[in-house]
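Structure assessment
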Amino acid sequence: MEALGINLSERSYLIHFGSDLTAVISAEIAKLVTAGRKVVVLTDENIAHALPWMLVETLAGCPRLILPPGEGTKSLGALGEVWDFLATEKCDRGGVLVTLGGGVIGDLGGFSAAAYLRGIEFIQVPTTLLAMVDSSVGGKTGINISAGKNLVGAFHQPRGVFVATGLLTTLPPREFAAGMAEVIKYGLLADAALLAQLERTPLTVRSPDLAGVIRRCCEIKAAIVEADERETAKEGGRALLNLGHTFGHAIEQVAGYGIYLHGEAVAIGLVAAAHLSQQLGYITTDEVTRITTVLKAHALPVSLREGLPLTNLMAAVARDKKVRAGLPRFVVLHALGRAVTQDGIELPLAEACFRNIGAVD
Ligand code: ADP
Ligand code: ZN
């Protein structure tokens, strides 16, 4: 499958797609090593266990740091560990860090690379569906601090990305479903044909067009990011990627991180955003049903498992970065396949949407 070029002012790179890219990745590493560059690998314990051949064959001979799995690894402590590892391995300015993992490893590794010696190159080999469709385009890297998630980070574009869908066969089904929430989001915000395809035939890890669908998601994200690399557009732009996320982030936060996977909270958030769009008169109740149906067909939740307090959810929305002039900004659907940002949503309207997905007084 043809590689996708990501064209950004400061740096452009390619995303390669295929079911098995071991030969391509090995060749890229060999080329770097032959040129005298140090190549090191960052991954987590689950991945090292699930995909041992990636480390012993594809990335053979590259020193590796294997960190514990989970969001806890996107931390200041882990960042220090990666920097110490790079220094111990005598990585110089020509060094290249390969991140083999999901969003956690990609974000942490990307940020480590952005700051180590004021910036070394990194190569992403995403191993989750979420990382393939979301984290591999856009250059956002970073870690969590006690005050909040993703509060410290940098824009750092990878040298290249290798999306090998075969790596997803060991991914737990719940994690695959969570990634599907973002795939469905891309269909809703920019591609009615993609949405219709997912409605006809739910995507699975064995779907023949898995790589094609992932490539399409990357293409949509790339077009949005290329037009608004640093999220400075007054309306539309990169903010569109937050469809379902203002509601979703509130759900994640109020439930307590770890109760819902990010993608699960986004799925419920997409349903809330659908209700909002319907109440604003943009889409029909039948279209709202189409959205819940396609989410359910991909094993995703469409309402809260346990009622969360409305007041706490609304407080979380108010704390969101996207609040303008006291009223929250939401991404809404003008049609299935077309999203726009809308400022000044009245609070009772947002509350009604939270009630629709099971929030309680
Ligand atoms: P995300 O990409 O959704 O941000 P993480 O990086 O936290 O998520 O990865 C989700 C979980 O799946 C972690 O426990 C991670 O170790 C595990 N994991 C990631 N990729 C694979 C894989 N290909 N096979 C098995 N487990 C994986
Ligand atoms: Zn997301």
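A short tour of the structure in this document, coming up. Keep in mind the model is a prediction, meaning the values are calculated, not measured.

**Considering the overall build of the chain**
Helix and strand counts for the chain stand at 14 helices and 13 strands. What you see for the chain is a C-alpha radius of gyration of 20 Å, in line with the 21 Å of a compact globule of 361 residues. Seen through its C-alpha atoms, the chain measures out along the principal axes to roughly 60 × 40 × 40 Å. Out of the 361 residues in the chain, the part that is buried amounts to 54%. Of all intrachain contacts in the chain linking residues separated by at least 6 positions in sequence, the fraction that spans at least 24 positions is 73%. Carbon and sulfur atoms make up 54% of the accessible area of the chain, which totals about 14800 Å².

**Comments concerning the layout of surface pockets**
Approximately 190 Å³ is the volume attributed to the second largest pocket. Along the walls of the second largest pocket sit 14 residues, with P173, F176, A177, T204 and V205 positioned nearest its centre. No other element matches the 4 residues that helix α7 (residues 173–190) contributes to the lining of the second largest pocket. A per-class count over the lining of the second largest pocket returns 11 nonpolar, 3 polar and no charged.

**Some thoughts on the packing of helix α10 (residues 245–255) against helix α14 (residues 347–356)**
The contact between α10 and α14 brings their axes to 12 Å, and the two run at 60 degrees. For α10 against α14, the interelement crossing comes out right-handed. Mapping the contact onto sequence places F247, A250 and I251 in α10 and A350, C353 and F354 in α14. Of the residues assigned to the contact of α10 with α14, the class counts are 6 nonpolar, no polar and no charged.

**Details of the pattern of salt bridges**
Enumeration according to the criterion identifies 19 salt bridges in this entry. Taking the shortest distance from any N to any O, the salt bridge between K38 and E89 comes out at 3.8 Å. Taken together, the residues span a long stretch of sequence, with K38 in the loop between α1 (22–34) and β3 (39–44) and E89 in the loop between α4 (76–88) and β5 (96–101) at a distance of 51 residues. A salt bridge links E219 to R215; its shortest N-O distance comes to 3.0 Å. Of this pair, E219 and R215 are both found in helix α9 (residues 210–227), 4 residues apart, which corresponds to roughly one turn of the helix. Given the relative accessible area of 15%, R215 is considered buried.

**Focus: unusual backbone geometry**
Backbone phi values are negative for most residues with the exception of glycine, while trans is the configuration of most peptide bonds. With phi around 50 degrees, L117 is a residue other than glycine that occupies positive phi space. Tracing the sequence through the fold places L117 in the loop between α5 (103–115) and β6 (121–126). On the accessibility criterion, L117 (34% relative accessible area) is partly exposed. Even without being a glycine, N150 presents a positive backbone phi close to 55 degrees. As for its position among the elements, N150 is in strand β8 (residues 148–155). Overall, N150 belongs to the partly exposed group, its relative accessible area being 41%.

**A word on the coordination of the zinc ion (ligand 2)**
Every protein donor of the zinc ion (ligand 2) is listed here as E182 (OE), H245 (NE2) and H262 (NE2), and their distances to the metal cover 2.0 to 2.1 Å. Mapping the donors of the zinc ion (ligand 2) onto the primary sequence yields the spacing E-x62-H-x16-H. Here H245 is found in helix α10, whereas its partner H262 is found in helix α11 (residues 262–279), with 17 residues between them in sequence. Among the residues examined, H245 registers a relative accessible area of 6% and is labelled buried.

Cut-offs used in this document
- Residues numbered from 1 in each chain as written.
- Chains lettered and ligands numbered in written order.
- Predicted model: local features only at pLDDT ≥ 70, side-chain atom pairs only at ≥ 80, totals over all residues.
- Heavy atoms only, no water.
- Helix = DSSP H or I, 4+ residues; strand = E, 2+ residues; numbered from the N terminus.
- Rg over C-alpha atoms; globule rule 2.2 N^0.38 Å.
- Buried < 20%, exposed > 50% of the residue type's maximum accessible area, 1.4 Å probe, protein only.
- Contact = heavy atoms within 4.5 Å.
- Areas by Shrake-Rupley, 256 points an atom, 1.4 Å probe, with all protein chains shown as cover.
- 1 Å grid on protein atoms, 1.4 Å probe; cavity = no way out; pocket = protein on both sides within 12 Å on 5 of 7 lines; lining within 4 Å.
- Points joined across faces, edges and corners; volume = space filled by probe spheres on them.
- Nonpolar A, V, L, I, M, F, W, Y, C, P; charged D, E, K, R; others polar.
- Axes fitted to C-alpha atoms, helices over the stretch in contact; angles between N-to-C directions.
- Left-handed = near helix turned anticlockwise from the far one by under 90°.
- Salt bridge = Lys/Arg side-chain N within 4 Å of Asp/Glu carboxyl O.
- Donors = N, O, S within 2.8 Å, 3.2 Å for Na, K, Ca; no water.

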